[in-house]
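Chain by chain, the residues:
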Amino acid sequence: MAPQYAPSLRSRLPVVALLLETIFILFFAFYVEVQHIFSITFYAEFQDVHVMVFMGFGFLSTFLVRYGFSSTGFSLLVAALAVQWAIVFRVLLQLPYPGRITIERLVLAEMSAFSSLISMGVVIGKTNPVQLLLMSLMEVTGFILNEWLIQTLLKVKLKHIIMYLHIYGAFFGIMTSWTLYRKGIEPRHEKEKSDRKMTLFSFFGTLFLWIFWPSFNSAYLLNKDMDFAVPLNVICSTYLAMAVSAVTAIALSVLFNPRGKLNMRHVQNCILAGGVAVGGTMSTFPQPWVAMAVGLSAGIMSTLGHQYIKPLMEIVFKCHDTCSILSVHGLPGILGWFVRLFLQIANFDSTTIAVRFTVYHILILLITLASSLTMGVITGHFRN
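Residues numbered from 1 in each chain as written. Predicted model: local features only at pLDDT ≥ 70, side-chain atom pairs only at ≥ 80, totals over all residues. Heavy atoms only, no water.

Visitor: Just checking my understanding: could you explain unusual backbone geometry for this structure?
Guide: The phi dihedral of Lys 155 falls on the positive side, at around 55°, and the residue is not glycine. Tracing the backbone through its elements, the reader meets Lys 155 in the loop between helix H5 (129-154) and helix H6 (165-180). (Helix = DSSP H or I, 4+ residues; strand = E, 2+ residues; numbered from the N terminus.)

Visitor: Looking at this structure, I do not really get the nonpolar core. What am I missing?
Guide: Soluble, globular proteins show a tendency: their nonpolar side chains are buried together. Grouped together as the largest cluster of nonpolar side chains are 71 residues, with contacts concentrated most on Met 111, Phe 114, Leu 165, Leu 209, Trp 213, Phe 216 and Leu 272. Among the elements that make up this core, the one with the highest residue count is helix H4 (residues 103-123) (ten residues). Aside from chain neighbours lying at most four places away, what touches Leu 272 is Thr 206, Leu 209, Trp 210, Trp 213, Met 242 and Val 328. Ranked by size, the runner-up nonpolar core spans 20 residues in total, among them Leu 20, Ala 82, Ile 101 and Ile 144. (Core = buried A, V, L, I, M, F, W, Y, C linked by side-chain atoms within 4.5 Å. Buried < 20%, exposed > 50% of the residue type's maximum accessible area, 1.4 Å probe, protein only. Contact = heavy atoms within 4.5 Å.)

Visitor: Would you mind going over the side chain of Thr 238 with me for this structure?
Guide: With respect to the helices and strands, Thr 238 occurs in helix H8 (residues 229-256). Beyond its immediate sequence surroundings of up to four residues, Thr 238 is in contact with Trp 213, Pro 214, Asn 217, Gly 275, Val 278 and Met 282.

Visitor: Would you take a moment to explain helix H7 (residues 196-218) for this structure?
Guide: Quick reminder: α-helices carry 3.6 residues per turn. Residues three or four places apart thus point the same way. Helix length check: H7, at 23 residues, gives a terminal C-alpha distance of 34 Å against a target of 33 Å (1.5 Å per residue), a fit within 8%. Phe 212 marks where H7 bends most, by close to 50°; the proline Pro 214 follows one to four residues later. (Expected span 1.5 Å × (residues − 1). Bend = angle between axes of the 7 residues up to and from the residue.)

Visitor: How do you make sense of the packing of aromatic side chains when you look at a structure like this?
Guide: Aromatic rings in a pair are described by how distant their centres are and how their planes are angled relative to each other. As enumerated under the stated definition, the model contains 17 aromatic pairs in all. Between Phe 114 and Trp 213, the aromatic rings sit 5.7 Å apart at their centres with planes inclined by 85°, giving edge-to-face as the arrangement. Placement of the pair is Phe 114 in helix H4 and Trp 213 in helix H7, with a sequence separation of 99 residues. One exposure class covers both Phe 114 and Trp 213, and it is buried. Ring centres 5.9 Å apart and planes at 70° place the aromatic pair Trp 210 and Tyr 239 in the edge-to-face group. Placement of Trp 210 in helix H7 and of Tyr 239 in helix H8 is noted, with a sequence separation of 29 residues between them. A relative accessible area of 45% means that Tyr 239 is categorised as partly exposed. Counting every residue linked through ring pairs, the aromatic cluster contains Phe 57, Phe 114, Trp 213 and Phe 216. (Phe/Tyr/Trp six-rings, centres within 6.5 Å; stacked < 30°, edge-to-face > 60°.)

Written out as structure tokens, the structure reads:
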């Protein structure tokens, strides 16, 4: 069947994009100021996260043959808008006090954009740029509100909840895709095909993410009063976890292929799972062997999910996940949540404190899941 193309966006995209930019400029003019002094060490972390958001995700989604060039531009559009909206919305939450842009807040804004790009991976190829812009606005709004709610109700520090961005982004995208599901993508849609050239470009994006992921996990742990041994521990643990998950993904990919060949889709999607999973444990600073075990478990879970869960979701739950986001970010994120719970409980001497932490830890996950699922359903119905 010939593909059904969306109507022209000439009358919609420029209006929406320019209107939003005008609103942002006026808001920045009256409510936002810049801190002129910043740590050069933190700027290096900002650069690494910046490369991940714009180059990593920009190339990552190019594997679709008929969507490769567009996806790079759409990723840039979504990320650029999401960063601005994240800054604006965080300032709105602290009014009437004026907002101040610091290098730390820029990193935090890019992490929020990171979450919206994760959600975009679920629905990429099935949405137009206007829908992606509106989706990014809703996702960043929900993610920041989720942080604010947890900090307000449970008095949890931001560094303990920022890595829930993987869980939030994955389940937000899954629910949006479930709401948008159409029979036209069943069985495999012809636009979902890939070829060697586009897969090669996509793998460049994966390598950018893989190389800079240790900086991503350690970025928000850096501050002027912290011992640099702490982020160094996080960087080493992240690298080891990702190295193990990469080897695991390659081994399982060969195992699952009847001809014993390497499936680059498995490798491309699953070598990042170790970084996602160990990111959820960063505030407990795991030992290297623990991080490697987490990487092994995440690699197995992600590869199995890509092989079996993605097709099952289409058949049973009527939910199409283009980039296997649930297997790459959602399930490894929950694995990291469990590992942090066990590590933290093991460090407590008091049973009362351990029980209290367990309750708080479970409540954080439940609030995050409830918020992401609700906002995903609302966004999907709104876009329909």
